[in-house]
Each structure stands twice: as C-alpha cells, then as structure tokens.
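# An overview of the molecular structure
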Amino acid sequence: MRLLVDCHCFDEKTTEGINTYIKGIYTEAPKLAPNIDFYFAARDVENIRNIFGKGKNIHYIQLSDCNKFYRLLLEFPQIIKKYNIDWAHYQYTAPLWKNCKTIVTLHDILFKDFPQYFPWRYRLIKGLTFKKSATDTDILCTVSNYSKDRIAYHFNIPSDKIVVTPNAVSEEFKHIDEENAKKFVKDKGINNYILYVSRREPRKNQTEVLKAWKRLIVKNGFSHDLVFIGRPTIPSKDFNDVYNNLTITEKEHVHIIDNAPFYELKMWYKATSLFIYPALAEGFGIPPIEAAMAGVPVVCNNATAMGDFTFFGDNLVDITDQENLDSAIINALNSPFNPEVRDLISSRYNWQNSAQTLLTALISYQSV
C-alpha cells in the first residue's frame, strides 16, 4: 500500500496545530506499519526529511512553488497517478475529484457554531469545501469528541463514521532544562510572568487575559509580567482598546511576540509561573497540554473541546466568571505543580495511540 501525506503546511513559517498533528501521527505511523510506503509531499523536502527521517518505507516528493488551487486541482492528482498512490491524506480540504482513496482530517468546524469569530467569506467558502471533502472522503478523522459531534450534526454524517485521532504532545516537553529556560527568559529582561501561546484573534480571547492581569494589579498589587506568543490573524478591537488604555508602566510589562522558534517556545513554557488558556472555542487546544507537560500550572477555559481536560481539576474554569478566573489564577500561582497531570496527559493523549487508531481505520476499510 502507498499512502501520500500532504505536508505543504510545513512550507509555511509558522507552526500551527495542523503541523503538530501531521508530525505526531506520521512520526509514529511508519514504525507501526512497515508494510505501508509513506510518501511525504512538500516544497521544502529537506525540511520534512528532517522531521520524518529516513526509512525503507519513507519517501519524499517535492511540490512545485504554486498556489493551493494548482496543488489541489492539478499537482496532487498528477502525483497520485505518477506514483501509483493508493491513499492520500489531506487536512480539511481534498481535491475536487479523486483518483485514489482519501483520508481527510477535519480538525474543527467552529465557524458553524461561532460565526461571530469568522469573516463571512471564510464561513461561505469553508462551509462548502469542508462539507464536500468530509462527505466525499473514504475515511473522515477529527481530533476530539466535541469536533466529532459537531461535524456529525452540521454535515449530517453518522458519528460512527468519524474516527477520532486526538492531538497529543511530545514527551520532549517533559525534559526541558529549567536552568537554561530561566536564563533564556532572564536574558530577555523578564523574571516572573504569565504566558499565553496562540495565534491572536478574537476567538482566542487574549483580551480576557489582559483584563484579568489588569484587575489583579489593582486588587493584589500583581508583580508578574504578561507574555503573549502567537502571530496576529484576525484583528481584535477589544484587545487593542484594553491595551491602549494601559499606563506606560503597565505596557512595559506586557510582551507581545509574533512568533517563536520551537526551541525558544519550549524555553518560554518551562520558565513561566503560569500558563493561561482562555480561548472561547477550540476543536482541541494543544498549548495547555504542552504547558502542563513542561511542568507548569495551567488555568484553562472549560468550553467546547477543552471540557475534556478534566485533569486540570479546579483550574478548568468558566472564564466568563471573572471572580472565578481571578481566584483560579491566584490559587494556581500559589500551588505546586501536580506531576500526576503529566501522567494523565501522557496516557490519554499520545501520538502512538493516535497513529494506531488511524492505521486501524485504514486496515478496517481495506478489509471491508
């Protein structure tokens, strides 16, 4: 069997959940299924070779430097024909016509339940393309039970036809050197700080973190800086308004970083006093479990897919309740990290299990 994996997302400068998902699944899958030949396709072949490595059943295909329409309409169908591909795995959107069996991972359809956070053009185009890809594919995957339920509801697909291959987190987050991390952050001129990692847009709710931080300064003489890491995607007027109303001194303690290489991101995770994740809606939500694996306290919203993160205990909160949120922040800062949280995450969310689930679905389909 020959399986093609669309890896064009690795050609982008930013790291998103899609990259993490593909890297996690397909770092494990070739080891679990030596009888399957895996073909990884991207423009920067050297980059993905460094990610997925070498092996008798691992192959690389270089994509042309063209736009997504050319890639989906012409290039992938040509590659499938040239290499006699049996299966192709796409994220969100597959080619309009198929010349092999397909796997599509639809990470979420949040724009259906939360249209206020997405531009109308996005909702229109993605509503059409995501539904066609989801209904036409041979195997449909998603990353959480929440996303599974919403896809089944909105696209009228039986839920038992949707395979949940959860996101996970690398074990390397357990082994970040704390001394190096503290030195890295100190060299940036920062000591104690609260961290939020996510791209910047209204749904991610950086505004609530900024408001809580400001409230705690007023109520408790708060001494922690605030660090946001993530590229801007959709402007947030509310965030800009709150930030612009800070004093000059307060602004000196708010640090906004558009992007951080993976090594630096791990340093930021390990050295923080608290990681907070107040996103209003998620199909999964990887950053809070990365932070927990790094061994730092986490306060997380309990909405949508994040409601599954019960291992956060009292730190899984309704962030719309300001008093509850402020109390959770103070309590988390004053409580030691519970290592059992890491053990629960490792057992529930690991890439080997997700890769095996995908391969089991593939084998089951083949045997029908």
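Preceding block: the structure.
Residues numbered from 1 in each chain as written. Predicted model: local features only at pLDDT ≥ 70, side-chain atom pairs only at ≥ 80, totals over all residues. Heavy atoms only, no water.

Under the 1.5 Å per step criterion, the end-to-end length of helix H5 (residues 120–136) is 24 Å for 17 residues, consistent within 8% with the ideal 24 Å. Of all bends in H5, the biggest is about 25°, found at Lys126. Considered for burial, the residues of H5 that qualify are Gly127, Phe130, Ser133 and Ala134. Each element contacted by the buried residues of H5 is listed here: strand S5 (101–105), helix H4 (110–113), strand S6 (139–142) and helix H6 (145–155). (Helix = DSSP H or I, 4+ residues; strand = E, 2+ residues; numbered from the N terminus. Expected span 1.5 Å × (residues − 1). Bend = angle between axes of the 7 residues up to and from the residue. Buried < 20%, exposed > 50% of the residue type's maximum accessible area, 1.4 Å probe, protein only. Contact = heavy atoms within 4.5 Å.)

Attention now moves to the sheet that holds strand S10 (residues 254–257). An order of S10-S9-S8-S11-S12-S13 is seen for the six strands of this open sheet, with the pairing classed as parallel. Of all strands in the sheet, those with a lone pairing partner are S10 and strand S13 (316–317), marking the two edges. Here helix H11 (residues 262–271) sits on the sheet and contacts strand S8 (193–197), strand S9 (225–229), S10 and strand S11 (274–277); the angle it forms with S8, its principal contact strand, is near 135°. (Pairing = 2+ DSSP bridges. Axes fitted to C-alpha atoms, helices over the stretch in contact; angles between N-to-C directions.)

If you trace the seven strands from one edge of the open sheet to the other, you get S3-S2-S1-S4-S5-S6-S7, paired in parallel fashion. If you trace the sheet from one side to the other, it starts and ends with strand S3 (58–62) and strand S7 (162–164), each paired once. Ignoring strand direction, the axes of neighbouring strands in this sheet form an average angle of 25°. Across five bridges, the pairing between strand S4 (residues 87–91) and S5 is parallel. Looking at the pairing, Ala88 lines up with Thr102 of S5. The strands touched by helix H3 (residues 68–82) within the sheet are strand S1 (2–6), strand S2 (37–42), S3 and S4, with S1 carrying the most contacts at an inclination of about 155°. Relative to S7, H6 is tilted by about 165°, and along the sheet it contacts S6 and S7.

To continue, consider the packing of helix H8 (residues 206–220) against helix H9 (residues 237–244). Viewed as axis vectors pointing N to C, H8 and H9 meet at an angle of 25°, and their least axial separation amounts to 8 Å. Classed by the angle they form, the pair H8 and H9 counts as roughly parallel. Crossing of H8 over H9 shows left-handed handedness. Touching Gln206, Thr207, Leu210 and Lys211 of H8 are Asp238, Phe239, Val242 and Tyr243, all from H9. Its residues assigned to classes, the contact of H8 with H9 shows four nonpolar, two polar and two charged. (Parallel < 35°, antiparallel > 145°, perpendicular 65-115°, else oblique. Left-handed = near helix turned anticlockwise from the far one by under 90°. Nonpolar A, V, L, I, M, F, W, Y, C, P; charged D, E, K, R; others polar.)

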